[in-house]
Amino acid sequence: MLFLFFRSAHQRACATKQAERQSKIESLSPVYSSPLSSSEEKIHALSLSELVTKCRSGAIQPSSIMMAYAKKALFAHKATNCLADLMFDEALATSSVANWGPGVDSDAGVTETIRERSLMGVPISIKETIDIEGHDSTISFSRNIGQPSATSSSIVRLLQDAGALIHVKTTVPTGLISIETISDIYGRTTNPYNHAHTAGASTGGGGALVACGGSKIEIGTDIAGSVRIPAHFCGVWSLKGSAGRFPSWGNQSSLSGLESIPIVISPLANNLTDLREFCQRLVSARPWHYDHTCVPLPWHNVNLQDEGRKLKWGVIWDDGTIPPTPACKRALSTVIAALKKQGHEVVDFHPPDVFEGLKIGYQLLFSDGGAQIRNALQPGENVSAPTKAILDLLNLPRLFKKILSFFLRSRDPVASQLYDIMHVKTVVQDRGNVAARDRYRAAWHQKWTEEGLDFVLTVPIAFPALENDTSEKATLMSAGYTFLFSLLDYTTGSLPVTYVDKALDGLPENFTKTEQYRSFSASAKGAYSIYDAEKMHGLPLGIQIAGRRLEEEKVLEGMQIIEAALHAQGTAFINKVNL
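Quick notes on the rules
Residues numbered from 1 in each chain as written. Predicted model: local features only at pLDDT ≥ 70, side-chain atom pairs only at ≥ 80, totals over all residues. Heavy atoms only, no water. Phe/Tyr/Trp six-rings, centres within 6.5 Å; stacked < 30°, edge-to-face > 60°. Helix = DSSP H or I, 4+ residues; strand = E, 2+ residues; numbered from the N terminus. Buried < 20%, exposed > 50% of the residue type's maximum accessible area, 1.4 Å probe, protein only. Axes fitted to C-alpha atoms, helices over the stretch in contact; angles between N-to-C directions. Parallel < 35°, antiparallel > 145°, perpendicular 65-115°, else oblique. Contact = heavy atoms within 4.5 Å. Nonpolar A, V, L, I, M, F, W, Y, C, P; charged D, E, K, R; others polar. Pairing = 2+ DSSP bridges. Salt bridge = Lys/Arg side-chain N within 4 Å of Asp/Glu carboxyl O. Core = buried A, V, L, I, M, F, W, Y, C linked by side-chain atoms within 4.5 Å. 1 Å grid on protein atoms, 1.4 Å probe; cavity = no way out; pocket = protein on both sides within 12 Å on 5 of 7 lines; lining within 4 Å. Points joined across faces, edges and corners; volume = space filled by probe spheres on them.

As recorded by an unreviewed UniProt entry, the chain carries the name Amidase signature domain-containing protein and is attributed to Gymnopilus junonius.

Below is the structure:
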């Protein structure tokens, strides 16, 4: 008892939040711990559109759907530690669900969204940072515990009006800027395919939950791959829209006020059909009526295959920082081969210098020198190793970094340039970087147009899901493949393709003695030091597909074309999570 008295404010807050979560789990009826019944298995197997149709007709009750997905969510949490908060009864008590019955859609005096209940009965999980009235949005900072949101975010209000069952919040790392989902509050979230490996970050809890079937859709956020990297690590589908396409007001961030790189709402799903259906229903609910930041752009169907032409796909193989490891390169090559077999044109794409763009992006992202994250931490509060590394780098004296930059100039140009630019920016310097970003975006637009591309393909990150506690060696610089498209504000999807195969994806013998390895930057050598095809065997591998700004419909269509091509050659991805 004396020990408890002397605990720090940080420790007391974490213990309070952990006890609250555990109490909610323990207060549930024992039925939630039982296996799904045969009828619940059938409900769980329904597509998003089938759930809505059957629920609206009265063939299935929302409570039956909730029970099936609540069980799955709890099984997922037991396996991966992916839940931050539980709201099973609250989801059913939402007025659009509780007052639902056949014929209510013809009621007068209600909005079209409420009348249609276009997401009626769809279980949707929410990233911990997104406001729900009466619940914390801590960003995994202990100082935010016990400060429930006074109002719900725009997307939560839309989803609730549409009849969705918002049943859980999912875990995030401290301060969000990380590759692993780990915090003093919620602990570590692990990969559903291999618990010795990470689920990714910052929407790691959502990626793990969706892969386990505990939610039909996860509402995450993405600024530098926060949805796309967990999707790749966990073998699920995601879409990072352009700023303004999906409602984002009411999402809390460790970088509040950052406008130069948009933080966008991004959904994840366990299959492409559900992802596409959800995005269409979300936009058709006219989110601009809920969120002043939304562009009033109605949904328009795109069917590139009906146009009768073959598409042109550009491929970026290397971001100039960390080349893709053999497993990730094989996944991208598999997609390229499948597209070529269908008659599409696939070419190597050499855009404006990627690393030059990333340097602009890093300076914009950390223009405050890491002060916002650092100032939010309480004494004794931990962040992930790569987050700490970037904060430590930013905190080094400027003169010391200049000296390091000078001595590394010939030996490691990448590290040298990063030491030179990673420091607090004045207002004038920050505005200069915004102007440089706009010039970079213009150069990309020109190059894309000149090449006549429909899409660009890359890996989401250079490696499969990392072993727990190894992300410091990968560094945050490994997110360049995803961060690039956030800087550009391009619509970007990610989809799973295959799995790591130890027989196919190992590094060559004596790889560290090769000329290729010797040419690597320190960041690349660090990332390759933790790549192990034996340990990573069986982990999912995805690819990334980018369109231009506000091309959400087109990118989803491109994802469908890729899946059809993979299916035609007998290599379609199959979810192998078995809880």
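What characterises a pair of aromatic rings is the spacing of the ring centres plus the angle enclosed by the ring planes. A complete count under the given rule lists 17 aromatic pairs for this structure. Look at tyrosine 32 and phenylalanine 88: their rings are 5.6 Å apart centre to centre, the planes differ by 20°, and that puts the pair in the stacked class. Placement of the pair is tyrosine 32 in the loop between α2 (9–26) and α3 (38–44) and phenylalanine 88 in helix α6 (residues 88–93), with a sequence separation of 56 residues. Each member of the pair, tyrosine 32 together with phenylalanine 88, is buried. Ring geometry for phenylalanine 511 and tyrosine 517: centres 5.7 Å apart, planes at 70°, overall edge-to-face.

Moving on, we get to the packing of helix α4 (residues 48–57) against helix α12 (residues 272–284). Running from amino to carboxyl end, α4 crosses α12 at an angle of 60°, the nearest separation of the two axes being 8 Å. Between α4 and α12, the angle is such that the two are oblique. Taken together, the residues of α12 that come into contact with α4 (itself represented by Leu48, Ser49 and Val52) are Asp274, Glu277, Phe278 and Arg281. Residues belonging to the contact of α4 with α12 are distributed by class as follows: three nonpolar, one polar and three charged.

For the rest of this paragraph, the subject is the pairing of strand β9 (residues 237–240). On any regular strand, side chains alternate: one points to one face of the sheet, the next to the other face. Residues Trp237 and Leu239 line one face of β9 and the alternating positions Ser238 and Lys240 line the opposite face, and both faces are buried. As paired strands, β9 and strand β10 (residues 264–269) are joined by two bridges and run antiparallel to one another. Bridging from a neighbouring strand, tryptophan 237 pairs with alanine 269 of β10. Of the pairings in the sheet, the one linking β9 to strand β14 (residues 492–499) comprises three bridges and is antiparallel in character. When the bridges of β14 are listed, serine 238 appears paired with serine 494.

Here we take up the pattern of salt bridges. For the coordinates displayed, the defined rule picks out 22 salt bridges. The partner of lysine 402 in a salt bridge is aspartate 420, and the shortest N-O contact between them spans 3.6 Å. Highlighted residues: lysine 402 in helix α17 (residues 398–408) and aspartate 420 in helix α18 (residues 413–421), separated in sequence by 18 residues. Judged by its relative accessible area of 31%, aspartate 420 is partly exposed. Lysine 535 is the salt-bridge partner of glutamate 467, the closest N and O atoms lying 3.4 Å from each other. On the criterion of sequence distance, the pair formed by glutamate 467 in the loop between β13 (455–458) and α20 (471–474) and lysine 535 in helix α24 (residues 533–536) is long-range, its members being 68 residues apart.

What follows deals with unusual backbone geometry. Put simply, alanine 201 and serine 202 share a cis peptide bond, and its omega is 5°. By the secondary structure assignment, serine 202 is in the loop between β7 (194–198) and α10 (204–211). Located in the positive-phi region is arginine 286, a residue other than glycine, with phi close to 55°. Given a relative accessible area of 31%, arginine 286 falls into the partly exposed group. Positive phi values are uncommon outside glycine, yet aspartate 489 reaches one of about 60°. Locating aspartate 489 in the fold gives a position in the loop between α21 (480–488) and β14.

Let us look at the nonpolar core. Counting 173 residues, the largest nonpolar core has Ile124, Leu159, Ile219, Trp313, Trp444 and Ile562 as the members making the most contacts within it. Counting residues per element, this core draws most heavily on helix α5 (residues 62–80), which supplies nine residues. Ignoring anything within four residues of it in the chain, the contact list for isoleucine 219 reads Ile124, Ser125, Ile126, Lys127, Ile130, Ile155, Leu159, Ile265, Ser266 and Phe278. Counting six residues, the second-largest nonpolar core is a separate cluster that includes Cys14, Ile145, Ile185 and Tyr186.

What follows concerns empty space enclosed by the protein. Per the counting criterion, the structure on display carries three cavities of 30 Å³ or more. Roughly 200 Å³ of volume is contained in the largest cavity. Contributing to the lining of the largest cavity are 19 residues, with Ile177, Ser178, Ala224, Leu476 and Ala479 lying nearest its centre. Here the lining of the largest cavity is composed, by residue class, of 15 nonpolar, four polar and no charged. If you trace the second largest cavity, you find 14 residues lining it, with Leu176, Thr221, Ile223, Ser253 and Ile263 closest to the centre. Counted by class, the lining of the second largest cavity contains five nonpolar, seven polar and two charged residues.

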